[in-house]
Amino acid sequence: MDAIRKQATKLREQVARQQQAVLRQFGAGGYGGSDTVITDEAELQQHHKLEKLYISTRAAKHFQRDIVRGVEGYIVTGSKQVEIGTKLSEDSRKYGSENTCTSSTTLTRASLNFSRAQAQMEKERGNLLKALGTQVAEPLRAMVMGAPLEDARHLAQRYDRMRQEAEAQTIEVSKRQAKVRENPGNPELVMKLESAEAKLQDLKSNMTTLGKEASFAMAAVETQQQRQTLQRLITLVEAERNYHHRILEILEQLEGEMKSERQRIEAPPQTPTIENAHPPPSYEEANGVYASQMHDGSTDIMGYFLGEVLFPYQAGSNAELSLLVGDYVVIRKVTSSGWAEGECKGKAGWFPYDYIERRDRVLASKVTEVF
C-alpha cells in the first residue's frame, strides 16, 4: 500500500513539474498564461481583459509605427521631387530671362509663367512635407516611444508573472494538501501547508491589486492611441487635400495664361489704324522734335532705338517710309500724334509708330539688314 502511495505522489509531482514548464514556456514570450489553475471568476475576467488590452495596444503601436515609417519615406521622396522641381523652375526662369529670340516674346512669357507656377507648386509641396513631419510623424513617434505605453505594458507583464507565481503556488498547495491527506496528524506537513496557503493568499491579493492598476493603465493607453491615431490620420488627409486643392488652382491659372497666349498668337493680325488719320509731321514740326517722344508725350531719353515691323505699311508720299513685316528700323523720332521717323535699308521717312515694336536685343545678322 505504501508503494502505491509513493508511486502516486511521484506521478503528481511529475505532472506539477510539467505544468510549471508549460506555464514558463507560454509566459516567456510576452503576456498570457494558463487559465486552468486559478479558477476565481473575477480574476479570470480580469486576466482576459488585460490580455485583450495587451494585444490591442500592441497592434495599435505597430500601426502607428507603420504610419510614421510611411510618412518619413514620403518626406524623403517628396524632398527629392522638390529639389528636381526647383531646378526645373530655375532653368525655365533662366531661359525666359536670357533667351535671344527676336521674332517673338511668346516663349519668353510662357517660360517665365511656367517657372513662377512651378516654384509655387514646389513651395506648396514643401509646406505639405513640413506639415506631415511636424503634425503627423512626430506626435505618433513620440507616442510609440513614450513612457505611458511602456509603463502600462510593464505593469501588465508584472501582473502576468505574478499570476504565474500564483498558479505555481496553487500547485504547491495542492501537493501539500495531498501529503497531509496521506499522512494525517503530521504537524510538520500541516505547518508547511498553512504556510503555502498563506503565501498563495498574499499572491492572489497582490495580483488582484496589480491587475486593476494594469487594466486601468492599459485602457487609458488604448483610448489615447485610438484618439491620437485618428486625429493624425485626419490631419494627414486634410493636409493632402489642401495641397492638391492649391496645386489645382496654380495649374488652372497657368493653363489660362498658356491658352490666352496661344489664342493671341493664333489670332489673325489686325492692322492698326492711325488715330484721327493725322498726316505725317511737317518739316517744322519734325525739326522741332529733338528727342524721341512716345504717344503720351513723354520723352525717350535713350534716343535712337531699333524697332521690328509687325505690319506692312505703304508710303503715301515721299516723306513717308514703306515697311515690310520683319524689317528692322532705326527709330530717330516719335511724335505725340502717333508718327515715327526712322531709317530702314538706306531709306528714311515717316510711318505709323503702332506698326512697329521696340526691340532691346537683335541678332547681329538683322542689324546689318537695317542699313
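What counts, and where the lines are drawn
Residues numbered from 1 in each chain as written. Predicted model: local features only at pLDDT ≥ 70, side-chain atom pairs only at ≥ 80, totals over all residues. Heavy atoms only, no water. Phe/Tyr/Trp six-rings, centres within 6.5 Å; stacked < 30°, edge-to-face > 60°. Helix = DSSP H or I, 4+ residues; strand = E, 2+ residues; numbered from the N terminus. Buried < 20%, exposed > 50% of the residue type's maximum accessible area, 1.4 Å probe, protein only. Contact = heavy atoms within 4.5 Å. Core = buried A, V, L, I, M, F, W, Y, C linked by side-chain atoms within 4.5 Å. pLDDT = per-residue confidence, 0-100. Pairing = 2+ DSSP bridges. Axes fitted to C-alpha atoms, helices over the stretch in contact; angles between N-to-C directions. Salt bridge = Lys/Arg side-chain N within 4 Å of Asp/Glu carboxyl O.

**Some thoughts on the packing of aromatic side chains**
Turning to step 1, where the next piece is worked out: One pass over the structure, following the stated rule, counts three aromatic pairs.
Turning to step 2, where the next piece is worked out: Geometrically, the ring pair formed by F311 and Y355 is edge-to-face, given 6.2 Å between the ring centres and 80° between the ring planes. Remark: Y355 occurs in the loop between β6 (347-352) and β7 (356-359) and F311 occurs in the loop between β3 (305-309) and β4 (328-334); sequence separation between them is 44 residues. Assigned by exposure class, F311 and Y355 land together as buried.

**Some thoughts on the environment of F351**
Turning to step 1, where the next piece is worked out: Mapped onto the elements of the fold, F351 is located in strand β6.
Turning to step 2, where the next piece is worked out: Excluding its chain neighbours within four sequence positions, the residues that come into contact with F351 are Y313, L321, L323, V329, I331, G338, W339, A340, E341, G342 and I356.

**Details of the nonpolar core**
Turning to step 1, where the next piece is worked out: The biggest cluster of nonpolar side chains holds 23 residues, and the ones touching the most others in it are L50 and M218.
Turning to step 2, where the next piece is worked out: For this core, the leading source of residues is helix α5 (residues 187-266), giving eleven residues.
Turning to step 3, where the next piece is worked out: Setting aside residues up to four positions removed in sequence, M218 forms contacts with L50, L53, Y54, T57, A152, R153 and A156.
Turning to step 4, where the next piece is worked out: V309, W339, A340 and F351 belong to the second-largest nonpolar core, a separate cluster that totals 17 residues.

**Focus on the side chain of Q225**
Turning to step 1, where the next piece is worked out: Along the chain, the position of Q225 falls in helix α5.
Turning to step 2, where the next piece is worked out: Residue Q225 is classed as buried on the basis of its relative accessible area, which comes to 1%.

**Thoughts on unusual backbone geometry**
Turning to step 1, where the next piece is worked out: Phi at K345 takes a positive value of approximately 55°, unusual for a residue other than glycine.
Turning to step 2, where the next piece is worked out: Positionally, K345 belongs in the loop between β5 (339-344) and β6.

**With respect to the confidence of the model for the chain**
Turning to step 1, where the next piece is worked out: Per-residue confidence for the chain gives a mean pLDDT of 81; residues scoring 70 or more make up 75%.
Turning to step 2, where the next piece is worked out: The least confident element of the chain, judged by mean pLDDT, is strand β2 (residues 299-300) at 42; the most confident is helix α3 (residues 106-144) at 93.
Turning to step 3, where the next piece is worked out: Contacts for the low-pLDDT stretch residues 22-29, under 50 throughout, to residues beyond four places or in other chains number eight contacts.
Turning to step 4, where the next piece is worked out: Low pLDDT, under 50, characterises residues 288-302; the stretch is placed with 31 contacts to residues that sit more than four places away or in other chains.

**A short note on the pairing of β4**
Turning to step 1, where the next piece is worked out: By the criterion of burial, β4 is predominantly enclosed, with five of the seven residues buried.
Turning to step 2, where the next piece is worked out: Two strands pair when backbone bridges link them, and β4 and β5 are joined in this way by four bridges, in the antiparallel orientation. Each residue of the ladder has a partner; that of V334, found in β5, is A340.
Turning to step 3, where the next piece is worked out: Linking two consecutive strands that pair antiparallel, namely β4 and β5, is a turn of four residues; a positive phi of about 100° is found at G338 within it.

**Focus on the sheet that holds β3**
Turning to step 1, where the next piece is worked out: Taken together, the five strands give an open sheet; going across it, the order is β6-β5-β4-β3-β7, and neighbouring strands pair in antiparallel fashion. The sheet is open, and its two borders are formed by β6 and β7, each paired with just one other strand. Here the average twist between neighbouring strands, direction ignored, is 45°.
Turning to step 2, where the next piece is worked out: Where β3 lies against β7, four bridges are found, and the strand directions are antiparallel.

**Concerning the pattern of salt bridges**
Turning to step 1, where the next piece is worked out: One pass over the full model with this rule turns up 21 salt bridges.
Turning to step 2, where the next piece is worked out: R125 serves as the salt-bridge partner of E122, at 3.3 Å between the closest nitrogen and oxygen. With a gap of three residues between them, E122 and R125 both fall in helix α3, about one helical turn apart.
Turning to step 3, where the next piece is worked out: Overall, the relative accessible area of 7% leaves E122 in the buried class.
Turning to step 4, where the next piece is worked out: Through salt bridges with shared partners, a single ionic network connects E43, R163 and E167.

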